[in-house]
Structures are given as structure tokens and as C-alpha cells.
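# Working through the structure, step by step
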Amino acid sequence: MALRSFFNVLKSCRNPRGIDTFLMKSYSAYGRFVKKDLFSRISPIGDPNQSVVPVLDKWVEEGNKVKGLDIKRIIRDLRSRRRYIHALQVSEWMSSKTEGLSMPADHALKLDLIGKVQGLDVAENYFNSLRDQDKVEKTYGALLNCYVRECATDKSLSLLQKMKVMGYALTSLTYNCEMCLYTNIGQLEKVPHVLSEMKEANISPNSFSYRICLNSYGVRSDLDNMEDLLKEMERLQHVAVDWSTYAVVANHFIKAGIKEKALIYLRKCEENVQRDSPGYNHLISLYANLGNNKEVKRLWALRKANRKRQSNKDYITMLGSLVKLGEIEEGEKLLLEWEASCGFYDFHVPNTLLIGYCRKGWPEKAEQMLRGIIKQGKTPIPNSWSIVAAGYVDKDNMEKAFECMKEALALQSQSKAWRPKNQVVSIILNWVKVNRASEVESFLSSLNTVPCFDQKAINLQETVSADGFNEDIMQEENLQ
């Protein structure tokens, strides 16, 4: 429950921004990207299933030189856009061209990407394969980050202790990882103690350290201590109190229903938002949570005035806010605007409106929209169909729910990370057993083609009857 209530700004405890900064520190001081033409060839490849290696090879074949710093800049930019697969491909390409010349910072970044893309076991094997001289604070920190992200508690705590003994706990990185671990496993009461331990060790907490602790107070509804800690931050000259800090505090006051306090910190948040900052997205979402339609539209207009082209993430945020506010018609207009300008058709954008339709009790309209997109030659991701399936389950139209879930399963190869929601599948499976007994085996076979699908969880939930009970199903159908 603690993890669910962790605000998006601090969802980074799975992928801590402070740790990202540490890993990228060696790459961030080189000024503007020199080989912009190379990045402009890589950037439009939005499909993670399409490799960027041929683009790199062709660039070299054309006689262009590629400097290490330029490649590192590309890796950083891809990573900042959460295009981890492509970032890893570029990193591995760079390693193949500069074998034996990689620095510990290069290994740390590659290790972190491997953990994100290929999993913890592969990341551990990569770390173990490093030379002793490359096993330094940065690479140990990257491995620790992988453990924390996967909530590997025993491994995290063991490595933390080892790093402290080796003298690799001399910066805020290690302690931030420890606080993130306690956040991820729901032991939020331990977070302030880690912050105190940092101070006692004469290690200055950075702004990320404070944000983790602020959030730990907020999740536990300890708003007085949260505000006291914020005031402490504001008194410290060496700690930046940025927009994300105020966003965390505002979010917890919104959840507590204290609108006046929330508005104070939302205004402070906006005062610190940079021209191109993702802070606009968080502000828009927070005002939507307050039900403030006027502010949502004002900030969207301001965002568009400051930047000519909006990203898919920007549109997802604004669409989600309009859906939350019940502005479905406005959302439909915005989707058309996005479709007219998008370079890559990312189904996470229309999925936002599909969720809106289903929450309104209009799965038929959601299905009609989805089939219309398919007629345009677009191939949806499986989650698009599973959203519609959940909408039909909510309306107790199990025949249509079954049909849509089969469509989703037929597309599961398009998104290897997709997992159907256990509760939705359980309710549909119960219906199939009663009404389509001859199709049970084929349906289960389709489910078994989904990697790591939790069949045990389905077995446990099969006692749930298909009586229309479907609390939080649409909430579970997220955009990830």
C-alpha cells in the first residue's frame, strides 16, 4: 500500500533520480551534443523492437567519426526518455568498438541498463565479470540500485553493509538507496532514521535524500513532520528545493484533503518549474487531482506556448487529467490533435482515453474506437484490448470480455513486458468454465504463452465468482 501511494515524482525509488544523476555525472558536463545528426537518426526509432545498431553502423560506413563523448551523450538522452533497450544497444555497441577502454562510469551505466532491460541475474553476472579495478563505488552503487529496484531486500542490505565496510558509503548515493529500499518494501518508518544516520556520519543529504524522507512522512500522514523537514531544507543553502520537492508536499496535502495548503505548495512548485521542465506534467496532474479544470487548461496552454512540440508523455498526462475531470469530449479533441502530429503511434496515448470510456461505463465506445484505429493500419499493444476487456467485465458482459481478452493474448508478442491483470483473467476464466467449457484449455494455453504469468495467483482467485464484483479493476489497468 505504501508503494501504491508513492507519488510519480518519487516513483523514482524504483529508478532513483538521485542515483541516475550519480551514474550520469561523468557524462553531463560536456555541453551541447555535437553529433546531433546521429541522434536525429536514432531518435525517431520509437519502437523498442527495432534495433538502433544498424543506424550506428551505417553512420560509420558513411565515413563519419564517432567520439566516445558523443555516444555517451546519446546513451544519456535515450535513458532520460526511458528508452532503456535502445540505450543499452548503444552502450553495447560502444563497448564492442572500445574493448578494454571502458571506464568504471561506463560499466556502472551499462550495469544499470542491463538490470532494467535484461534483469537482475544478468546484471549480477555482468558485475562479477568486471575487472577488480572496475569494481569501485560507482559500479557497486549501480548493482545496489538494481537490487533496490527489484526489492531484493537481503541482497540490498548485505551489499549496503559491504559497501560501508569497504569505504564506499562516502556519498549520499548509498544512503539514498537504503531509503528507497525501505520505501519500496513498505518500511517507511525507517527512512527518517537513515537520514539521521547520514547526518551523524557527516554526509550531507542532497535534495533527493530529503524528498524520499518527505514522502515517507506524507505516506504515513505525518504532515507536521513533513512540513518541518521542508522548512529545514529551505534553510539550507547547499540543498536545492526544486519543483519536485514542492510537488511531493502538495500531493500529500491533496490526499489529506487540505486544499489551502496544497494550493500554497502548488504555487511554489510552479515558481520553480523550468521552461522545458516535466514539472508542468506533474502540476497538471496535481491540479486534476484537485478537480481544478481551469488551472489544468491554463498550464497546458502555457506548456504549448513554451514548447512547439509536445511529447507523447505530455499528451498522456493531459489526456489522463481530462479523463479524471470527466472532460471526455475535450479528450477526444486532444487525441485527434496528437494523431495529426505524432511521429510514432504510441498506443499508451489512446489507451488513456480507452480507460476514460470504460470508467464511464462505455466499453462499447472504447471497442469501437480501438477497432477504428486498427482499420487505419495500426497494431495495438495487448494492454489496449485488456483495458476494454476489463470495461466489459465491469458491465458483466462476459462474452465480450472474453472476446477482447483473446485479442489481447493474440498480441502478447508485441509487448513482452505485458501481463494480464490477475483479477480480470480470474473472473473471465470462471465464466469460460461455466459457459464455454470447450474453450477452457485453449484459453489457458494462451495464458501460458505470456512470460512469467502468475498461474498460481489465478488459481487462488478462481473462487471469485463472476457476479459483477470487480473493485479497482480499471484502476489496475494502468498505462505502463
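Coordinates for the structure precede this section.
Note that the structure is predicted; figures quoted are calculated from it, not measured.

### Re the overall build of the chain
Of the regular secondary structure elements, the chain holds 27 helices and 0 strands. Restricting to contacts in the chain with at least 6 residues of sequence separation, those with at least 24 account for 65%. Carbon and sulfur atoms make up 49% of the accessible area of the chain, which amounts to about 22,700 Å² in all.

### Quick look at the pattern of salt bridges
For the coordinates displayed, the defined rule picks out 31 salt bridges. A salt bridge links R79 to D112, with the nearest nitrogen and oxygen atoms 2.4 Å apart. With R79 in helix α4 (residues 68-80) and D112 in helix α6 (residues 104-117), the pair connects residues that are 33 residues apart, well separated along the chain. One exposure class covers both R79 and D112, and it is buried. A salt bridge links R131 to D134; the nearest nitrogen and oxygen atoms lie 3.0 Å apart. Note on D134: relative accessible area 4%, which makes it buried.

### Digging into the packing of helix α3 (residues 53-61) against helix α5 (residues 84-97)
Contact pair α3 / α5: the axes reach a minimum separation of 9 Å and the direction vectors enclose 45°. When the axis of α3 is compared with that of α5, the two are oblique. Contact residues: α3 offers V53, L56, D57 and V60, while α5 offers Q89, V90, W93 and K97. Looking at the contact of α3 with α5 residue by residue, the class counts come to 5 nonpolar, 1 polar and 2 charged.

### Points about helix α12 (residues 207-219)
One full turn of an α-helix is made of 3.6 residues, so residues set three or four places apart face in the same direction. Between its first and last C-alpha, α12 extends 18 Å over 13 residues, near the 18 Å set by a 1.5 Å rise per residue. Of all 13 residues that make up α12, 12 are buried, and the element is covered over most of its length. By the burial criterion, the buried members of α12 are S207, F208, S209, Y210, R211, I212, C213, L214, N215, S216, Y217 and G218. Of the residues that open α12, the one with a side-chain oxygen 3.2 Å from the backbone nitrogen of F208 is N206.

### Looking at helix α24 (residues 422-435)
Here α24 is 14 residues long and its end C-alpha atoms lie 20 Å apart, about the 20 Å a rise of 1.5 Å per residue gives. Along α24, the residues that are buried comprise V424, V425, S426, I427, I428, L429, N430, W431 and V432.

### So, the environment of V273
Along the chain, V273 falls in the loop between α15 (259-271) and α16 (279-290). Residues V273 and W243 lie 30 residues apart in sequence; the distance between their C-alpha atoms is 5.6 Å. When residues no more than four places from it in sequence are discounted, the contact partners of V273 are W243, G279, Y280 and L283.

### Details of unusual backbone geometry
The phi angle at R82 is positive, at roughly 60°, despite the residue not being glycine. Within the element layout of this structure, R82 appears in the loop between α4 and α5. You will see that D396, though not glycine, has its phi angle at about 60°, which is positive. If you trace the backbone, D396 turns up in the loop between α22 (382-394) and α23 (398-410).

### Observations regarding the packing of aromatic side chains
As enumerated under the stated definition, the model contains 10 aromatic pairs in all. Here F127 and Y140 contribute two aromatic rings whose centre-to-centre distance is 5.0 Å and whose plane-to-plane angle is 70°, an arrangement assigned as edge-to-face. Taken together, the positions of F127 in helix α7 (residues 120-129) and Y140 in helix α8 (residues 137-149) put the pair 13 residues apart, joining distant regions of the chain. Residue classification places F127 among the buried residues on the basis of a relative accessible area of 6%. The interplanar angle of 45° and the centroid separation of 5.5 Å between the aromatic rings of Y140 and Y168 together place this pair among those described as tilted. Of the two residues, Y140 is situated in helix α8 and Y168 in the loop between α9 (153-165) and α10 (172-184); the sequence distance between them amounts to 28 residues. A single burial state applies to Y140 and to Y168, both of which are buried. Here a set of aromatic residues connected by ring pairs shows up, and it is made of F127, Y140 and Y168.

### Re the packing of α12 against helix α13 (residues 223-235)
It is the contact of α12 with α13, at a shortest axis distance of 8 Å, that shows an interaxial angle of 165°. By the criterion of interaxial angle, the relationship of α12 to α13 is roughly antiparallel. Viewed along their axes, α12 and α13 form a crossing whose handedness is left-handed. Counting all contacts with α12, which are made through S207, Y210, C213, L214, Y217 and G218, the residues of α13 involved are L223, N225, M226, L229, L230, E232 and M233. Of the residues assigned to the contact of α12 with α13, the class counts are 9 nonpolar, 3 polar and 1 charged.

### Looking at the state of the cysteines
Per the stated rule, a full pass over the model turns up 0 disulfides. Lacking any disulfide linkage, C177 is separated from the closest cysteine sulfur, that of C180, by 6.5 Å. Residue C180 is classed as buried on the basis of its relative accessible area of 0%.

### Quick notes on the environment of M198
Locating M198 in the fold gives a position in helix α11 (residues 191-200). The class for M198 is buried, based on a relative accessible area of 0%. Measuring from C-alpha to C-alpha, the distance between M198 and L170 comes to 9.5 Å, with 28 residues separating the pair along the chain. Those residues in contact with M198, other than ones at most four positions away along the chain, are S172, Y175, N176, M179, I203, S204, P205 and S209.

Each value, and the rule that gives it
- Residues numbered from 1 in each chain as written.
- Predicted model: local features only at pLDDT ≥ 70, side-chain atom pairs only at ≥ 80, totals over all residues.
- Heavy atoms only, no water.
- Helix = DSSP H or I, 4+ residues; strand = E, 2+ residues; numbered from the N terminus.
- Contact = heavy atoms within 4.5 Å.
- Areas by Shrake-Rupley, 256 points an atom, 1.4 Å probe, with all protein chains shown as cover.
- Salt bridge = Lys/Arg side-chain N within 4 Å of Asp/Glu carboxyl O.
- Buried < 20%, exposed > 50% of the residue type's maximum accessible area, 1.4 Å probe, protein only.
- Axes fitted to C-alpha atoms, helices over the stretch in contact; angles between N-to-C directions.
- Parallel < 35°, antiparallel > 145°, perpendicular 65-115°, else oblique.
- Nonpolar A, V, L, I, M, F, W, Y, C, P; charged D, E, K, R; others polar.
- Expected span 1.5 Å × (residues − 1).
- Polar contact = N/O pair within 3.5 Å; in protein donor to acceptor, adjacent residues only side chain to side chain.
- Phe/Tyr/Trp six-rings, centres within 6.5 Å; stacked < 30°, edge-to-face > 60°.
- Left-handed = near helix turned anticlockwise from the far one by under 90°.
- Disulfide = S-S within 2.5 Å.

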